[in-house]
Amino acid sequence: MSDTTMHHSGSQGVSRRRFIAGTGSLLGAAALAGHGTAAHAATVAQAAPIGDGAHVPALVIGTGYGGSVAALRLAQAGVDVQMIEMGMAWDTPGSDGKIFCNTTAPDYRSYWLRTKTKQPLSNFFGIPIDKDIPRYTGILDAEDFSGITVYQGRGVGGGSLVNGGMAVTPKRENFGAILPSVNPDEMYNTYYPRANAGLGSGLIDPAWFDTVDCYQFARVGRKQAGRSGFPFVFVPDVYDWDYMKKESAGTAPKSAVAGEILYGNNYGKKSLQKTYLAQAKSTGRVTISPLHRVTSVSPGSGGYTVVIEQLNTNGDVTATKTVTSDKVFFAAGSVGTSKLLVKLKATGALPNLNGEIGRGWGDNGNVMCGRANYLWDPTGKVQASIPCGGIDNWNAGGAFAEVAPLPTGIETYASFYLSITKNPNRGTFSWNPAAGRVDLDWQTAWKQASIDMAKTIFDKINATEGTIYRTDLFGAYKIWNDTLTYHPLGGAVLNKATDNYGRLYGYPGLYVIDGSLIPGNTSVNPFVTITALAERNIEKIIAADLT
């Protein structure tokens, strides 16, 4: 990041207009929940990037949850691993001394190759809040498809860099609808516990929660849920709760309590850089090449031929490399893996991939809304950006609602929610030869099912409290944000596009090991399930395919 200073705007006075723009920018912060760094020394150190003509035993495309699990377990089994990451390493401070910019002040580091921010909450008090930024390989990708914008993390650590860290294991009774071909006993006895241990998930201290100012918004959410007969449940998170106690008490640099989340968290969050990837690097067998993008995988002599583009921070291609690998693991995320496989099948690089490639994609039923509370229910000027609880109406109404913060630094008297719903609609990725790209056939109208399910919670709370929905957060007189997802899932569905462990049919040595395996919905925030499934699959692959 040698060119960071040229984009830095410098310290300026904050006008009222800029303040409103800034406060609104973090309204969507916790809505990315789960999906930087307390000890910067613990971040992943970088070796020289992969060279043209290299041969590697295992190549992992992507450094998110599935890819990080695969890299660690392969390395522990004695396999040398090369990881290819399209985004940056995020291990070098900018001119402000911090690696990540604050959610209230998005700068060049905030968005992936955009010239204007595209914030999940686009308006505040009716004022549009997006602003111009320099084009840069920033941390958050707001990728637009027909009818939907998919938010994804870009950098070493993938989505773990930008989500709220809500580490939720689905209720066992719901698991059969999530991954019908997977034995729940092995998941709940072995792989979910392994994933939660590896991720470092833990619950907030309930006694501290009850008293600290930064969770007043969540206590209001709990009270109002209870008065309408809904259970409020604490859910684990991968934030360092001891660190949050210190930042709240003023004895450590503020991070979550300063609203950091949407564009990275500088101190307290246990992203993959601190957990799986740190362990993987410590084996001495894992190398990561950031700002590299895989464009082709095809059978070749001596393994699979992989074509990789190297990028600069403007997004320009500065080199093209061709390497070979014995085994290739697709872990570029639901969208990245699906797009790449659909392209490779359609253009003849991997023509024998089956007809399920690109199918079964879903948005985890994501919709967002806000509610306006009365003056006697203030939600607090100081709000931790890390959510810690939700409202469960899954069985009765098909919705689980995360009680999310609005950490604007001012009192808003607003309650804000990200709902995960049992939306049955599924999209398909397809190759568009005329445009040379992969399209997704999603329709915004399909979100109506999610809205109806979320309303089973919030219509009742509004009726009980005598309150109304906020209409100023997503545009003019718009109650629901129904054009986004933070939780893309599917596109290379387990036991359909792959076998029951992620092996791609027709191509021995090619594997899918990320969220694209999960058919569209997990009933909760998905990254623990992605991690646990990866733990299950890689254990089988190592035992059966590498011995």
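Reading the values: the criteria
Residues numbered from 1 in each chain as written. Predicted model: local features only at pLDDT ≥ 70, side-chain atom pairs only at ≥ 80, totals over all residues. Heavy atoms only, no water. Helix = DSSP H or I, 4+ residues; strand = E, 2+ residues; numbered from the N terminus. Rg over C-alpha atoms; globule rule 2.2 N^0.38 Å. Buried < 20%, exposed > 50% of the residue type's maximum accessible area, 1.4 Å probe, protein only. Areas by Shrake-Rupley, 256 points an atom, 1.4 Å probe, with all protein chains shown as cover. Phe/Tyr/Trp six-rings, centres within 6.5 Å; stacked < 30°, edge-to-face > 60°. Lys NZ or Arg CZ within 6 Å of the ring centre and 35° of its normal. Expected span 1.5 Å × (residues − 1). Pairing = 2+ DSSP bridges. Core = buried A, V, L, I, M, F, W, Y, C linked by side-chain atoms within 4.5 Å. Contact = heavy atoms within 4.5 Å. Axes fitted to C-alpha atoms, helices over the stretch in contact; angles between N-to-C directions. pLDDT = per-residue confidence, 0-100.

Once that is clear, we can look at the overall build of the protein chain. Check the secondary structure of the protein chain and you find 13 helices and 20 strands. Over its C-alpha trace the protein chain gives a radius of gyration of 22 Å, about what one expects of a compact globule, namely 24 Å for 547 residues. Sorting the 547 residues of the protein chain into buried and exposed places 61% on the buried side. Carbon and sulfur atoms make up 52% of the accessible area of the protein chain, which amounts to about 18300 Å² in all.

Attention now goes to the packing of aromatic side chains. Here a ring pair, both rings aromatic, is described through the centre-centre distance and the interplanar angle of the planes. Taken as a whole, this structure holds 25 aromatic pairs when the rule is applied. Among the aromatic residues, those joined into a ring-pair cluster are Trp 208, Phe 209, Tyr 215, Phe 217, Phe 232, Phe 234, Tyr 239 and Trp 241. A cation over an aromatic ring shows up here: Lys 460 above the ring of Phe 230, its NZ or CZ 5.4 Å from the ring centre. Its end group placed over the ring of Tyr 501, Lys 540 keeps NZ or CZ at 5.2 Å from the ring centre.

If you check helix 10 (residues 333–346), its first and last C-alpha atoms are 20 Å apart, about what 14 residues at 1.5 Å a residue would give, namely 20 Å. Inspection of helix 10 places Ser 334, Val 335, Thr 337, Ser 338, Leu 340, Leu 341, Val 342 and Leu 344 among the buried residues, and these make up the whole buried set. The first or second residue beyond helix 10 is Gly 348, which carries a positive phi of 90°.

Our next topic: the sheet that holds strand 6 (residues 148–153). On the basis of which strands lie adjacent, the open sheet formed by 3 strands has the order 5-6-19 and mixed pairing. The open sheet has two edge strands with one neighbour each: strand 5 (140–145) and strand 19 (484–485).

Glancing now at the pairing of strand 12 (residues 367–372). Of all 6 residues that make up strand 12, 5 are buried, and the element is covered over most of its length. Looking at chain direction, strand 12 and strand 15 (residues 414–421) are connected through 6 bridges and run antiparallel. Pairing of Arg 371 across the sheet is with Ser 415, part of strand 15. The pairing of strand 12 with strand 18 (residues 468–469) spans 2 bridges and is antiparallel. Across the sheet, the residue bridging to Ala 372 is Ile 468, located in strand 18.

In terms of nonpolar packing, the biggest core is built from 86 residues, with Leu 59, Val 297 and Phe 330 touching the most fellow members. Beyond its immediate sequence surroundings of up to four residues, Phe 330 is in contact with Ile 61, Val 297, Thr 337, Leu 340, Leu 341, Leu 344, Leu 504, Leu 510, Tyr 511, Val 512, Ile 513 and Asp 514. Ranked by size, the runner-up nonpolar core spans 72 residues in total, among them Cys 101, Ile 204, Ala 384 and Tyr 469.

Relative to the helices and strands, Phe 329 is located in strand 11 (residues 317–330). On a C-alpha basis, the gap between Phe 329 and Asp 132 in space is 37 Å, while along the polypeptide they are 197 residues apart. Among all residues touching Phe 329, those that are not within four sequence positions of it are Ala 58, Leu 59, Val 60, Ile 61, Leu 74, Tyr 511, Ile 513, Ile 538 and Ile 541.

Right, let's talk about the sheet that holds strand 13 (residues 389–393) for a bit. An order of 7-13-14-15-12-18 is seen for the 6 strands of this open sheet, with the pairing classed as antiparallel. The strands lining the two open edges of the sheet, one partner per strand, are strand 7 (232–234) and strand 18. Pairing of strand 13 with strand 14 (residues 399–404), which is carried by 4 bridges, proceeds in the antiparallel orientation. Each bridged residue has a counterpart across the sheet, and for Asp 392 the counterpart in strand 14 is Phe 400. Relative to the sheet, helix 12 (residues 448–465) contacts strand 12, strand 13, strand 14, strand 15 and strand 18, its axis offset from that of strand 12 by approximately 10°.

Once that is clear, we can look at the confidence of the model for the protein chain. With 92% of its residues at a pLDDT of 70 or more, the protein chain shows a mean pLDDT of 92. The low-confidence segment residues 1–46, where pLDDT is below 50, has 143 contacts with residues more than four positions distant or belonging to other chains.

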